[in-house]
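Descriptive structure summary
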Number of protein chains: 2
Amino acid sequence: MEFNEMLKKYAELIAKSGINVQKGQEIFLNAQVDNAPFVRLVVEELYKAGAKVVNISWGDDRLSKLKYENAPLEVFEEIPQWEAMQKNQAAEKGAGFVYIESSDPDALTGIDPKKPAARVKAGEKAFTVYREHMDKGLNTWCIVATPSPKWAKKIFPDMSEEKAIESLWKAICNAVRIDTPDPIKAWDEHRKTFEEKISILNKKQFDRLHFESANGTNIIIGMIENHKWAGGGDKTPDGVYYFPNMPTEEIFISPDKNRADGRVVSSKPLCYQGTMIEGFEFTFKDGKIIDFSAQKGYETLKELVETDEGSHRLGEVALVPVKSPISEMGILFYNTLFDENAACHLAIGRGFNECVEGAENMSKEDLEKRGLNVSATHVDFMFGTADMKITGIEKDGKESVIFQNGNWA
Amino acid sequence: MEFNEMLKKYAELIAKSGINVQKGQEIFLNAQVDNAPFVRLVVEELYKAGAKVVNISWGDDRLSKLKYENAPLEVFEEIPQWEAMQKNQAAEKGAGFVYIESSDPDALTGIDPKKPAARVKAGEKAFTVYREHMDKGLNTWCIVATPSPKWAKKIFPDMSEEKAIESLWKAICNAVRIDTPDPIKAWDEHRKTFEEKISILNKKQFDRLHFESANGTNIIIGMIENHKWAGGGDKTPDGVYYFPNMPTEEIFISPDKNRADGRVVSSKPLCYQGTMIEGFEFTFKDGKIIDFSAQKGYETLKELVETDEGSHRLGEVALVPVKSPISEMGILFYNTLFDENAACHLAIGRGFNECVEGAENMSKEDLEKRGLNVSATHVDFMFGTADMKITGIEKDGKESVIFQNGNWA
């Protein structure tokens, strides 16, 4: 397929299947300035598909770094009122939120991690309406990615920049099924395979899951009663089906924040706030991280874990077989949107309302009592391995093997 | 001079002489996404010179056009509350406003002029605090420009894109004195020559000016009592000297909005809101436009003139000799920042408080009673010619020739 045609197909997929823009809907799009040519294509498709207006919030890695280097900590401890209003009002108006990622994984290397951490905390206070709308699943949202030169070179350091970008484009096209004759149809079919697996897991209603790997991972994680597995796309209360992540291969749940015991060893590096964290592990007791270490990026990991009370606990458990298309590419993307679809992963921080049956009629406090985690942050990290065994244990102790050697059993 | 060195010098000039950023000051910078590489240089210099934080508001010609083409009129009839708050709060915090222009003069060709016109009107209501701060001269601001491919090709249509951009860079460097050994010093000297001319004109306190050209211009424009000519840079109440425009060659005044009689014929096309207006003229009576015409862009000119009551009257009279450096380049820039420095010009719309002696102690109503124009808009247009004669007439009828054959007499 010709490159420009492929870009157009991708833009159309984002507008139609990803955010599934509705006639007269407002779209709030986040992107990097260097990515403007692709953003223009997406915006064109969004208008074609019926968007009333598309507003853009632009970012730039280099300017973010300059700000973190030069502006004092206080600048990050408070989100400007207008910025909070912009996002909160968009959420209230029913806007769809599109995030087009193309960042350099090392963008913020060397920055005092206190500053980005302060911004995350400030965001929790400032974006309350947006957060509430997201928790309740009222707005559509969609995260996608396109190559940037630095990101491509990070993945393919031995290639020329041009060749690296081309290779990353190929990998993304493969991952988001743009290389199929009808990507929109391919995503419809993708949706069906998710729905089948979720239906089986929901019927089982395991009380806890046991994860074991030869690298040292050995942890039992408790499930919330009447939990609902999720994956693939999501539906608004009005019945608009959208894909929050493209690609997506994971089936996930938010576990009981008070029941996790054992050790988790990471299986891939984590790029957090533009800094790489590598060779890290956590020890959990009664759902809480009581110890952690990292071979690289310890200070950044510490800022993350110590964001708040909830960042010491789990918000997500996601199952991804090693036979997944992204896993089979064998590429380390240094980007969670891709890497989380190549291996089983956990997230520390905020849990998802949608994973609790009847959440729409429960207060935040009710949900927390049920075991759903609350936090300003939510960060995925990979711990799945090719030898991972996952055992589901029902309330009466009955065991079923879910994963054997990294794949669905 | 090497190109990158020249860019760095330009960025430094903007930070130090242009906006003259103060230690701990906030900067609000407006730029086009395609101009990100130069913006990064400017932001670096701003931080070096002491900025506390630099916030960026990005624009994109193509996305603006898509929005005007697709979003309904109502979207432009109201400035989003967050956008008003962003600018108003920045003004209140004493921010400096930097505008880096690099637009395509034809960016909005074909757009229904009602939409951009609606946005201008909405801005008048929304940006009240910003406007008030600007009128009172409380904040520093600086408009500069860098080439964009489309703008360069518009000026030099027969050159290759690369050559056109190079030629436009050369012209800009010349106009902003970057091609001198010490641009910051060159602007200090530039300031002095302005101060000498302004001092002479202020002493004269002409009652009215008579403009005559062979192309048909013949108009007498009344001056406000106790007027103050301005030009070059400006000073905040705290004594911070800055250059609102780079380049700048004009010496200007805000005339009496109720005294202009005669005919004004344009001498250069006007690019307004991305649309070209050409071969236009106005007839004034008692300060008000009672007739106007245009060979091209009449509808856009009509939207402009009919913005409000004040857009039927004059807000600025500016004197620029044909011997000015920009005029001598003989280039039509299709951009007011440059073209206004190549020929005498007028502006319809809002007048400047700074042109009335003692304005800082007068209310808006007082100033309007004195004859200062009020409007949501302020748009310059060129009417100066190589044969222009300007006669200053004192209250007692005594005449002095100010300009003869387009130059200072």
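The rules we used
- Residues numbered from 1 in each chain as written.
- Chains lettered and ligands numbered in written order.
- Predicted model: local features only at pLDDT ≥ 70, side-chain atom pairs only at ≥ 80, totals over all residues.
- Heavy atoms only, no water.
- Pairing = 2+ DSSP bridges.
- Helix = DSSP H or I, 4+ residues; strand = E, 2+ residues; numbered from the N terminus.
- Core = buried A, V, L, I, M, F, W, Y, C linked by side-chain atoms within 4.5 Å.
- Buried < 20%, exposed > 50% of the residue type's maximum accessible area, 1.4 Å probe, protein only.
- Contact = heavy atoms within 4.5 Å.
- Least-squares fit on C-alpha atoms with pLDDT ≥ 70 in both.
- Salt bridge = Lys/Arg side-chain N within 4 Å of Asp/Glu carboxyl O.
- Axes fitted to C-alpha atoms, helices over the stretch in contact; angles between N-to-C directions.

1. Examining the pairing of strand S5 (residues 208-212) of chain B
Residue and element names in this part refer to chain B. Relative to strand S6 (residues 218-223), S5 is paired through five bridges, and the arrangement is antiparallel. If you follow histidine 210 over to S6, its bridge partner there is isoleucine 220. Between S5 and S6, which pair antiparallel in sequence order, lie five residues; one of them, glycine 216, sits at a positive phi of approximately 120°. Bridging between S5 and strand S18 (residues 389-393) involves five bridges; their strand directions are antiparallel. Note that in S18 the partner of histidine 210 across the bridge is threonine 391.

2. Let's talk about the nonpolar core
A general tendency of soluble globular proteins is for nonpolar side chains to be buried together. Counting residues in hydrophobic clusters, the biggest one holds 152 residues, and the most contacted among them are A:Leu29, A:Leu46, A:Phe333, B:Leu29 and B:Leu46. Ignoring any residue separated from it by four or fewer positions in sequence, one finds A:Leu46 in contact with A:Ala15, A:Ile19, A:Val21, A:Ile27, A:Leu29, A:Ala51 and A:Val54.

3. Overview of the pairing of strand S19 (residues 399-404) of chain B
Residues and elements named next belong to chain B. In this structure, S18 lies alongside S19, joined through four bridges in antiparallel fashion. The partner of isoleucine 390 across the bridge, within S19, is phenylalanine 403. The antiparallel hairpin formed by S18 and S19 contains five residues in its connecting segment, where glycine 397 sits at a positive phi of about 95°. Pairing geometry for S19 and strand S20 (residues 407-408), over two bridges, is antiparallel. Residue pairing for S20: phenylalanine 403 is matched across the bridge by tryptophan 408. Here S19 hands over to S20 after two residues, with asparagine 405 in that stretch at a positive phi of 50°.

4. Quick look at the relation of the copies chain A and chain B
After a rotation of 180° and a shift along the axis of 0.0 Å, chain A superposes on chain B with an RMSD of 0.0 Å. Within this description, the copies of the chain are treated as partners about a two-fold rotation axis. Of all interface residues in chain A, 100% are interface residues in chain B too; the two copies therefore contact each other through one and the same surface.

5. Observations regarding the environment of A:Thr377
All names here are of chain A. Looking at the element boundaries, threonine 377 is found in the loop between helix H14 (364-370) and strand S17 (378-382). What makes threonine 377 buried here is its relative accessible area of 5%. Along the backbone, threonine 377 and serine 400 are 23 residues apart, and their C-alpha atoms lie at a distance of 32 Å. Beyond its immediate chain neighbours, meaning those up to four positions away, threonine 377 contacts Val120, Tyr272, Leu304, Thr307, Ser311, Ile348, Gly349 and Arg350.

6. Regarding the pattern of salt bridges
Taken as a whole and judged by the stated rule, the model has 58 salt bridges over all chains. As a salt-bridge pair, B:Glu83 and B:Arg119 come within 2.9 Å of each other at their nearest N and O atoms. A residue pair is termed long-range when its members are at least 10 positions apart, and B:Glu83 in helix H5 (residues 81-92) and B:Arg119 in helix H6 (residues 114-126) qualify at 36 residues. A cluster of three or more residues bridged by salt bridges with shared partners is formed by A:Asp207, A:Arg208, A:Asp256 and A:Arg259.

7. Observations concerning the sheet that holds strand S7 (residues 230-231) of chain A
Residues and elements named next belong to chain A. A sheet is described by the order of its strands in space; here five strands give the open sequence S7-S10-S15-S16-S17, paired in antiparallel fashion. The sheet terminates laterally at S7 and S17, the two strands that pair on one side only. Contacts between helix H10 (residues 183-204) and the sheet are confined to S7, strand S10 (251-253) and strand S15 (314-319), with S10 contributing the most and set at about 40° to the helix.

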